[in-house]
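An overview of the molecular structure
The chain contents come next:
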Amino acid sequence: MSWEIIKQSLPMFQQGFLLTLYLSLIGIIGSIIVGIICSLVEYFKIPVLNKILKVYIEISRNTPLLIQLFFLYYAFPAMGIKMSAQLCGIIGLIFLGGSYMSAGFSGGFNGVNKKQVESGKAIGLSRWQLARYVIFPQGFALSIPALAANIIFLIKETSIFTVIAIPELTNTALDLIGLYYNSNEYLFVLVVAYAIILIPLSIILTLLERRVRYGTFGN
Amino acid sequence: MANEVLKVEHLDKYYQKKHVLHDINFTISKGEVITLLGPSGSGKSTLIRCLNGLEDFRNGEITFEGKKVIPNEKNWQQLRQKIGMVFQSYDLFPNLTVLENILLGPTKVQKRNVDEVKQEVDKLLQKVDLLDYKDAYPRQLSGGQKQRIAIIRALALHPEFMLFDEVTASLDPEMVRGVLNIIQDLADEDNMTMIIVTHEMNFAQQIADRVLFLKDGNILEDTSGKEFFKNPKTDQAQEFLQSMNF
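Residues numbered from 1 in each chain as written. Chains lettered and ligands numbered in written order. Predicted model: local features only at pLDDT ≥ 70, side-chain atom pairs only at ≥ 80, totals over all residues.

Observations regarding the overall build of chain A
A tally of regular secondary structure across chain A gives nine helices and zero strands. In sequence order, chain A lays out its α and β elements as α-α-α-α-α-α-α-α-α. When its C-alpha atoms are laid out on the principal axes, chain A stretches across 70 × 50 × 20 Å. Taken over 219 residues, chain A has a buried fraction of 37%. Looking at chain A alone, contacts between residues at least 24 apart form 78% of all its contacts between residues at least 6 apart. (Helix = DSSP H or I, 4+ residues; strand = E, 2+ residues; numbered from the N terminus. Buried ≥ 20, exposed ≤ 12 C-beta atoms within 10 Å, placed from the backbone. Contact = placed C-beta atoms within 7 Å.)

Points about the overall build of chain B
Summing up its helical and strand segments, chain B has nine helices and 10 strands in all. Each principal axis of the C-alpha distribution contributes one length, and for chain B these read about 50 × 40 × 35 Å. Within chain B, the proportion of its 246 residues that are buried is 44%.

Remarks on the nonpolar core
Core analysis: the largest hydrophobic core is formed by 80 residues, its most contacted members being Leu36, Ala154, Phe164, Met194 and Ile196 of chain B. The element best represented in this core is helix H5 (residues 143-155) of chain B, accounting for six residues. Residue contributions to this core reach at least three from each of two domains, namely domain 1 (1-82 + 163-246) and domain 2 (94-158) of chain B. Counting residues in each nonpolar core, the second largest holds 27 residues, with Leu19, Leu23, Leu93 and Phe95 of chain A among its members. (Core = buried A, V, L, I, M, F, W, Y, C linked by C-beta atoms within 7 Å. Domains from an automatic or database assignment.)

Examining the sheet that holds strand E3 (residues 33-37) of chain B
Residues and elements named next belong to chain B. Taking strand neighbours across the sheet as the criterion, the six strands line up as E6-E7-E8-E3-E9-E10 in an open arrangement whose pairing is mixed. Both edges of this open sheet fall to strand E6 (83-86) and strand E10 (218-224), since each of them pairs with a single strand only. For this sheet the average axis-to-axis angle between neighbouring strands, irrespective of direction, equals 15°. Bridge count between strand E7 (residues 161-165) and strand E8 (residues 193-197): five bridges; the pairing is parallel. Of the residues in E8, the one forming a bridge with Leu163 is Ile195. Contacting E6 and E7, H5 runs over the sheet at an angle of about 170° to E6. (Pairing = 2+ DSSP bridges. Axes fitted to C-alpha atoms, helices over the stretch in contact; angles between N-to-C directions.)

So, the domain arrangement of chain B
All names here are of chain B. Its domain assignment divides chain B into domain 1 (1-82 + 163-246) and domain 2 (94-158). Relative placement of domain 1 and domain 2: their C-alpha centres are 25 Å apart. Classifying every residue of the side of domain 1 that touches domain 2 gives five nonpolar, three polar and one charged. (Nonpolar A, V, L, I, M, F, W, Y, C, P; charged D, E, K, R; others polar.)

Concerning the interface of chain A and chain B
Between chain A and chain B, the residue contacts involve 18 residues of the former and 22 residues of the latter. Secondary structure elements with two or more residues in the side of chain A that touches chain B: helix H5 (114-122) and helix H6 (127-142) of chain A. Element by element, the count of residues in the side of chain A that touches chain B is highest for H5 of chain A, at six residues. Tallied by class, residues from the side of chain A that touches chain B come to seven nonpolar, eight polar and three charged.

With respect to H5 of chain A
All buried positions along H5 of chain A are accounted for by Ser119, Gly120, Lys121 and Ala122 of chain A. For H5 of chain A, the secondary structure elements touched by its buried residues are H6 of chain A together with E6 of chain B. Residue Gly124 of chain A follows H5 of chain A closely and has a positive phi angle near 85°.

Re the UniProt feature "coiled-coil region" (unreviewed entry) in chain B
According to UniProt, the positions carrying the feature "coiled-coil region" (unreviewed entry) are residues 107-134 of chain B. As a span, residues 107-134 of chain B carries 61% helix and 0% strand, and end to end its C-alpha atoms are 16 Å apart. (UniProt positions renumbered as here; feature names shortened; annotations may be inferred.)

Details of the UniProt feature "domain: ABC transporter" (unreviewed entry) in chain B
With numbering matched to this structure, UniProt assigns "domain: ABC transporter" (unreviewed entry) to residues 6-241 of chain B. Structurally, residues 6-241 of chain B comprises 38% helix and 26% strand, and the distance from its first C-alpha atom to its last is 27 Å.

Thoughts on the packing of H5 of chain B against helix H6 (residues 173-189) of chain B
All names here are of chain B. Look at H5 against H6: their axes get within 9 Å of each other, and the N-to-C directions meet at 10°. What the angle tells us is that H5 and H6 run roughly parallel. For the crossing formed where H5 meets H6, the hand is right-handed. Two secondary-structure elements touch here, H5 through Gly143, Gly144, Gln147, Arg148 and Ile151 and H6 through Met175, Gly178, Val179 and Ile182. Class assignment for the residues of the contact of H5 with H6 results in four nonpolar, four polar and one charged. (Parallel < 35°, antiparallel > 145°, perpendicular 65-115°, else oblique. Left-handed = near helix turned anticlockwise from the far one by under 90°.)

Side note on the sheet that holds strand E1 (residues 4-15) of chain B
All names here are of chain B. Spatially, four strands are ordered E2-E1-E4-E5 in an open sheet, and the strand pairing comes out antiparallel. Edge positions in the sheet fall to strand E2 (18-29) and strand E5 (67-68), since each has one partner strand and no second. In this structure, E1 lies alongside strand E4 (residues 59-64), joined through five bridges in antiparallel fashion. Paired with Glu9 across the two strands is Glu61, which belongs to E4.

Notes on unusual backbone geometry
Even without being glycine, Val48 of chain A reaches a positive phi, approximately 65°. At Glu166 of chain B, a residue that is not glycine, the phi angle is positive and equals roughly 45°. For Glu166 of chain B, the position within the fold is in the loop between E7 and H6.

Focus: the pairing of E4 of chain B
Here two bridges tie E4 of chain B to E5 of chain B, and the two strands are oriented antiparallel to one another. Paired with Phe64 of chain B across the bridge in E5 of chain B is Lys67 of chain B.

Re the pairing of E1 of chain B
Residue and element names in this part refer to chain B. Strand direction decides the pairing type here: E1 and E2, joined by eight bridges, are antiparallel. Across the sheet, the residue bridging to Lys7 is Thr27, located in E2. What sits between E1 and E2 in their antiparallel hairpin is a turn of two residues, with Gln16 showing a positive phi close to 50°.

Next comes the structure, spelled out in structure tokens:
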């Protein structure tokens, strides 16, 4: 393995690295927003929307991101909708992540003790007040482990963006390998680059989980 | 009957096919304290949960302060401000402080002035020796303290009528007295109308104006407290009192 080759490739990897971070961030924020909206629709059982939501979740969770991206990138233009590769990637990631986040939040809401609900009803809280003051604060805390797992999952899924030629990390590595055939060096950098993002993040999220689990409200 | 607070007529409750409450009839007048006694599984908790809409029932009618209750969630939500309930497992909201727990109903549901309610709550907390804990979170409190807070949370809504569902059943023995004293004070000082489900026989005897004895979902006796403990009429009630060493 040649350090010289690695060194020369770093500027390109840096661009891929930043793009991976950028796309992940937008995708995660978007997924959380979609997830919250969907979990609220499910919690309040909003008619019609609730049915649409079920269809969305089934499609989103039971099709690979790879196929979703092909569809957005190749099939949509045929229907007259043209988007840049990056936009396709972000939409695909949010489409996938939204349903996972939604399941995570719903799991949290459902995990709140039923007695909390009764006790809230007993002091006259309306459905909305019960959700606002009791279920959501407790449910969000319970859904943090799922949220953490989904965040890591979505960052890793950005590697699939390479199939629609978005120059993120994986795409950069594959490109360089195609050009110069130095597979060992480029794959090494690729692994290290993902590890730099994911390992610290994973540690932070674990600490956050632990804090919420053992510790508690209010300190 | 004058000053009738609550009237229950021909109430039947089923869990799927299981008939758990059979044709329940009784009324409670203002200031009256009823204890609901009976062996485990006799339907005591189910009955009082029907009285504030936490359980639905198949047949029957409930009249509250002279008005028939049309049993839907919206009506119950209104009525629950007038019918306070405290549960066995206290169930304070762990994400809120003691004070926030208590303020939630009066300020969000009843939209009363926050400062006014706070002053009132301070007095209530003082009375049960928990004023120092008002900014604590529920997990920092003992079971007995939590239960006293739960009672205050219910009282802060100025209910006309209180339901107590085995409120001392999950407390350590040394905590029980403090909680029962609050309930006793409510009867003595505030003349509060109450239905109390309890297994504390001494307490029941002391506080009950009337006893309803329930077995297998039937009211077998509806009699004065004194009469019930001195002279239980049915074999089942005698058996029950014996089993409680009474």
